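A look at the structure
Spelled out from the first residue to the last, the chains are:
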Amino acid sequence: MTEPVVSLEDAGLRYGETHVLHDLTFSMSEGDIVTVIGPNGAGKTSLIKLILGIEKPSSGHVRQRAGTRVGYVPQRMTLQPTLPLTVGRFLGLAGGDPSAIEAALARTGVAQLADESVHHLSGGEFQRVLLARAILRRPQLLVLDEPAQGLDVNGQSALYELIRSLRDELNCAVLTVSHDLHVVMASTDTVLCLNGHICCRGQPEQISQDPAFTQLFGENLANTLAVYHHHHNHSHDVHGETVP
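Attention here is on the structure that accompanies the text. (Residues numbered from 1 in each chain as written. Predicted model: local features only at pLDDT ≥ 70, side-chain atom pairs only at ≥ 80, totals over all residues. Heavy atoms only, no water.)

Things to note about the environment of Gly60
What counts, and what does not: Under the DSSP-based scheme used, a helix requires at least four consecutive residues in state H or I and a strand at least two consecutive residues in state E, with every element numbered from the N terminus. For this analysis, residues touch if any pair of their heavy atoms sits within 4.5 Å.
With respect to the helices and strands, Gly60 occurs in strand E4 (residues 59-64). Expressed as a C-alpha distance, the spacing of Gly60 and Glu9, which sit 51 residues apart in the sequence, is 5.7 Å. In contact with Gly60, other than residues within four places in its own chain, are Glu9, Asp10 and Ala11.

And the structure:
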């Protein structure tokens, strides 16, 4: 059996006397798309820090497969506005050579922005540039923290479509933290419902029926998601506009 890209076994994280996470056990292999949802303060960003190795578990184990290439899209990134920085130069700082940068920008649909200032990009454009930066090394594990934050529904849908497409192309594992529940339920293979520990897990259709999910998010939302499906016969551009 192939070793998972990343695995957690009874992992926990404590800051002083505060237990942020405990008893986390799950693993991810190539091709998996796992989305973590949960209320504010549930430990979602702390989980990302454990998986990326930024934090060491206070208990249990977190293991990345040896040699795993990781791509990361942060929840937010603040760039010094007085620093002249084009999109191409921004990706170059991440270690990409010109041909790799050109290919990554083309793959995420923003090749035309290579010479534009990063400070003049729209929210949707900047998210795609960050995604291009994350795939420069052709990661085996792609981690995204609220990647569609600030985008409208069409923009969210377009970005998640792109993420699924990149998963298929790179055959990488994808871990996404998100609060965009409607789009998430149509864009992931497995959902982890987190609130300090894993309350429930499974396919989106299963999660929306789980009592633990209902307890966290409310019966009205759970009932809505139980019947929600995102079907369409069109695509969206970088701004979320419909493309026939």
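Further notes follow.
As for the layout of surface pockets
As a reminder of what qualifies: We place a 1 Å grid over just the protein atoms. Points where a 1.4 Å probe fits but has no way out form a cavity, open points with protein on both sides within 12 Å along at least 5 of 7 lines form a pocket, and any residue with an atom within 4 Å of a point lines it. Grid points are joined across faces, edges and corners, and a volume is the space filled by probe spheres set on the points. Three classes are used, and their members are as follows: Ala, Val, Leu, Ile, Met, Phe, Trp, Tyr, Cys and Pro are nonpolar, Asp, Glu, Lys and Arg are charged, and the others, Gly among them, are polar.
Of the pockets and cavities examined, the second largest pocket occupies roughly 160 Å³. Every residue lining the second largest pocket is counted, 13 residues in all, and those nearest its centre are Pro39, Asn40, Gly41, Lys44 and Glu146. When its residues are assigned to classes, the lining of the second largest pocket shows 3 nonpolar, 7 polar and 3 charged.

Re the pattern of salt bridges
Rule in force here: One speaks of a salt bridge when a side-chain nitrogen belonging to Lys or Arg is within 4 Å of a carboxyl oxygen belonging to Asp or Glu.
Applying the stated criterion to the full structure yields 6 salt bridges. Residue Arg65 pairs with Glu30 through a salt bridge whose shortest N-O separation is 2.6 Å. Taken together, the residues span a long stretch of sequence, with Arg65 in the loop between E4 and strand E5 (70-73) and Glu30 in the loop between strand E2 (18-28) and strand E3 (33-37) at a distance of 35 residues. A salt bridge links Arg107 to Glu169, with the shortest nitrogen-to-oxygen separation between them at 2.4 Å.

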